[in-house]
Amino acid sequence: MADSLPTEFDVIVIGTGLPESILAAACSRSGQRVLHLDSRSYYGGNWASFSFSALLSWLECQQNSDPGEEGSAAWQDLIHETEEAITLCSKDKTIQHTEVFCYASQDVDDNTEETDALQRTPSWVAPTPLTNPLVPACLSEETPSSCVTRHEMPAKDTPENDGEISPEVTDVEETLAKENNRGDKTYTHTVSDGAKDENKLIVEDSTDQPKRNRITYSQIVKEGRRFNIDLVSKLLYSQGLLIDLLIKSNVSRYAEFKNVTRILAFREGKVEQVPCSRADVFNSKALTMVEKRMLMKFLTFCLDYEQHPEEYQAFMQCSFSEYLKTKKLTPNLQHFVLHSIAMTESSCTTIDGLKATKNFLQCLGRFGNTPFLFPLYGQGEVPQCFCRMCAVFGGIYCLCHKIQCLVVDKESGRCQAIIDHFGQRINAKYFIVEDSYLSEDTCSNVQYKQISRAVLITDQSVLKTDSDQQISILIVPPAEPGMCAVRVTELCSSTMTCMKDTYLVHLTCSSSKTAREDLESVVRKLFIPYAETETDREGLTKPRLLWALYFNMRDSSGISRSSYNGLPSNVYVCSGPDCGLGNEHAVRQAQTLFQEIFPSEEFCPPPPNPEDIIFDGDDKQPEAPGTTNRIIAKLESSEDCKNLENHENHLQN
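Note that the coordinates shown come from a computational prediction; the quantities given were computed from them, not determined experimentally.

Draft legend 1. Representation of the overall build of the chain. When you go through the chain residue by residue, the secondary structure sums to 15 helices and 28 strands. A burial count over the chain gives 55% of its 653 residues as buried. The contacts in the chain between residues at least 6 apart in sequence include a share of 75% that link residues at least 24 apart.

Spelled out as structure tokens, the structure:
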């Protein structure tokens, strides 16, 4: 199938991340012939979501340094004398410093297996408990003797077009003794919960404690297909660019969304809920009556702060945190506004803080009590939705399809074609390439930022309530000046991202060190490793940490086109995920690039009304005059598009 692809297209898109998928959909919708390729076996790139076993396979692929080019056909003979080639990268180098920690106990008598996935019960190599599993990572020190490093190599999982993953069965284990952190190797640290006799005695002494479900690693493996673990943690602002685009283009019909139910704050070592709506503010017991009135007055000002420039012009050069102090807000309110409403860094400018606060308030009440939505089955569903739209309008898709080079005409300096790993030359007018596909020579002058990520599986919420189906977002302020705040997103099983009686927790911040060094201090504040809970009675008040993954991801947002070496004029670069909470950068980038390529075309217009589509040659439909094998579509604004106008602000209810 792959070697019989057409050889002529209008647009070739390489990479299936969110901005590339939006661009592919927009180009296909405007009538362009689109070929959408990805060398990976799954959609989404670094925007993808994985089942638990698929995530382990992804980790193994990140560890494998062999690019696997032995099966690629020679392409040098396909380059003409008047042409030159720009080779593309054969190995994804956007992920580094991956580390896996397993704290859940192992039930060696329970021979469970995940359907179509891992057919084994992992065995512990060393039964010695890890006394301090969350010590800071040191790149130069050796692995502690009590820490077991194990590389798990499950089968390679390949998501299908509908986003489901069909992993194969495998049973491969290796036990290695290496340094704790080295390069982009993946380390799995197993943590034993002690001898059986000790556990038995402790259980007898703790009968008066509230019972908590015992989740084992075997259960996680068995229920692995119930997990949909995002590589990047994002939420959708209810009045954001992505929601508007989903409604306008009618791509929203391909996905389902759930409202984030609460916003939390971390203050003085405690987690508490932040009041969002007017009713929440006045029903809150965390605020005094004076504070409630002060908060409402300030938020009302933020809604139309542009109309009162005299209130902030003198503080244009100040940070937002300093400006809040001048508004006579109590420290409690300052903390809520800065970290739970504006959700900005303390060092951000006053204008940026006011804009963020206004955006938060304008998004309230459209779909729920908070400004945010989360896509069921994970963030990885969103790029696939736009891929479906592209396919509906004629786009062609090929996964596991590697591109060896771009073919550039020396005289014009324009890219004319690509050559794939089958040795087929495919021509196009425009080329859209995701940043991770560019070679080191092309990116030698690019200075990338990094994102620190952690993915945790826990047994209960960071803030227990009567309902166990809460979706929460929490900003943990930096412990020291100059450090970055950490964004925590907690997902329950109703989001279809984790198994019952567990929570999936995402931590994100800008990198200053490795992900583990940046984030594990926050993990210790909010959670307690499973192995420690049996001896720590106070730990029963914290959620137990069952499994953890740390990794650093490249942030290629904000890179100017001039930073790339020798980029042809008709080759356009899309960045990977940024560190922000929303998806605004990806949507804005896709729209900007589309307008550069096709300035006279509308970006993702509303779909045609099926009743107004007339096919030429259809015996049941009268032939429209002046049409030749084309579809005549009368574009009418849908009811969903009308919802974008003038939503009543939730604070005024």
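Draft legend 2. Main features of the nonpolar core. Phe52, Phe298, Phe320, Phe372, Leu507 and Trp547 are the most contacted members of the largest nonpolar core, which totals 104 residues. At eight residues, the largest contribution of residues to this core is made by strand β25 (residues 544–555). Setting aside chain neighbours within four positions, we find Phe372 in contact with Leu235, Leu236, Tyr237, Lys258, Asn259, Val260, Ile263, Met343, Phe360, Ile473 and Leu581. Within the second largest apolar cluster, 41 residues are counted, among which are Ile22, Ala25, Leu373 and Tyr397.

Draft legend 3. Quick look at the sheet that holds strand β16 (residues 403–409). Spatially, the four strands line up as an open sheet ordered β4-β16-β17-β18, and their pairing is antiparallel. Lying at the two open borders of the sheet, with one neighbouring strand each, are β4 (83–87) and β18 (425–427). On average, adjacent strands in this sheet sit at an angle of 30 degrees to one another, irrespective of strand direction. Where strand β17 (residues 415–420) and β18 come together, three bridges link them in antiparallel fashion. Opposite Ile418, over in β18, you have Ile426 as the bridge partner.

Draft legend 4. Highlighting the sheet that holds strand β2 (residues 34–37). Taken together, the five strands give an open sheet; going across it, the order is β15-β2-β1-β19-β26, and neighbouring strands pair in parallel fashion. Among the strands making up the open sheet, the edge pair consists of β15 (396–398) and β26 (571–574). With direction set aside, neighbouring strand axes in the sheet form an average angle of 15 degrees. With four bridges connecting them, strand β1 (residues 11–14) and β2 associate as parallel partners. If you follow Ile12 over to β2, its bridge partner there is Leu35. Where helix α11 (residues 381–392) meets the sheet, it contacts β2 and β15, and its direction lies at approximately 130 degrees from that of β15. Packed onto the sheet, helix α14 (residues 584–597) meets β19 (430–434) and β26 and runs at close to 175 degrees relative to β26.

Draft legend 5. Quick look at the environment of Met483. Considering the arrangement of structural elements, one finds Met483 in the loop between β21 (472–476) and β22 (486–491). The exposure class of Met483 is partly exposed, given its relative accessible area of 40%. Sequence separation between Met483 and Ser512 is 29 residues; the distance between their C-alpha atoms is 8.1 Å. Contact partners of Met483, with chain neighbours within four places excluded, come to Glu345 and Pro478.

Draft legend 6. Representation of the pairing of strand β20 (residues 449–458) within the structure. In terms of burial, β20 is a largely internal element, eight of the 10 residues being buried. Where β20 meets β25, 10 bridges bridge the pair, whose relative direction is antiparallel. Paired with Arg453 across the bridge in β25 is Phe551. Pairing between β20 and strand β23 (residues 503–510): eight bridges, direction antiparallel. Following the sheet pairing, Ile457 is matched in β23 by Leu504.

Draft legend 7. Helix α1 (residues 18–29), seen in detail. End to end, α1 covers 16 Å across 12 residues, agreeing with the expected 16 Å (1.5 Å per residue, within 8%). Within α1, 12 of the 12 residues are buried, leaving the element largely enclosed by the surrounding structure. The positive-phi residue at the C-terminal boundary of α1 is Gly31, with phi of around 95 degrees.

Draft legend 8. The arrangement of the pattern of salt bridges in detail. In this structure the tally under the stated criterion is 19 salt bridges. Note that Asp244 is salt-bridged to Arg366, the shortest N-O span being 3.8 Å. Taken together, the positions of Asp244 in helix α5 (residues 241–249) and Arg366 in the loop between α10 (350–363) and β14 (372–375) put the pair 122 residues apart, joining distant regions of the chain. Overall, the relative accessible area of 12% leaves Arg366 in the buried class.

Draft legend 9. A look at the packing of aromatic side chains. What the rule picks out here adds up to 18 aromatic pairs. Ring centres of Phe52 and Phe227 lie 6.0 Å apart, and the angle between their planes is 50 degrees; on these two criteria the pair is classed as tilted. Within this pair, whereas Phe52 is found in helix α2 (residues 52–63), its partner Phe227 is found in the loop between α4 (217–222) and β9 (229–230), the two being separated by 175 residues in sequence. Ring geometry for Phe101 versus Tyr103: centroids 6.2 Å apart, planes at 10 degrees, classification stacked. In terms of burial, Phe101 and Tyr103 fall into one category: buried. Ring pairs connect the aromatic residues Tyr42, Phe50, Trp58 and Phe551, which therefore count as one cluster. Looking at Arg554, its charged tip hangs above the ring of Tyr448, at a distance of 4.2 Å from the centre.

Draft legend 10. Region of interest: the packing of helix α9 (residues 331–341) against α10. Remark: α9 packs on α10, axes separated minimally by 10 Å, with the N-to-C direction vectors making an angle of 75 degrees. Here α9 is positioned roughly perpendicular relative to α10, judged by the angle of their axes. Along the contact surface, α9 presents Val337, Ser340 and Ile341, while α10 presents Ala356, Thr357 and Phe360. When the residues that make up the contact of α9 with α10 are grouped by side-chain class, the tally is four nonpolar, two polar and no charged.

Cut-offs and rules
Residues numbered from 1 in each chain as written. Predicted model: local features only at pLDDT ≥ 70, side-chain atom pairs only at ≥ 80, totals over all residues. Heavy atoms only, no water. Helix = DSSP H or I, 4+ residues; strand = E, 2+ residues; numbered from the N terminus. Buried < 20%, exposed > 50% of the residue type's maximum accessible area, 1.4 Å probe, protein only. Contact = heavy atoms within 4.5 Å. Core = buried A, V, L, I, M, F, W, Y, C linked by side-chain atoms within 4.5 Å. Pairing = 2+ DSSP bridges. Axes fitted to C-alpha atoms, helices over the stretch in contact; angles between N-to-C directions. Expected span 1.5 Å × (residues − 1). Salt bridge = Lys/Arg side-chain N within 4 Å of Asp/Glu carboxyl O. Phe/Tyr/Trp six-rings, centres within 6.5 Å; stacked < 30°, edge-to-face > 60°. Lys NZ or Arg CZ within 6 Å of the ring centre and 35° of its normal. Parallel < 35°, antiparallel > 145°, perpendicular 65-115°, else oblique. Nonpolar A, V, L, I, M, F, W, Y, C, P; charged D, E, K, R; others polar.

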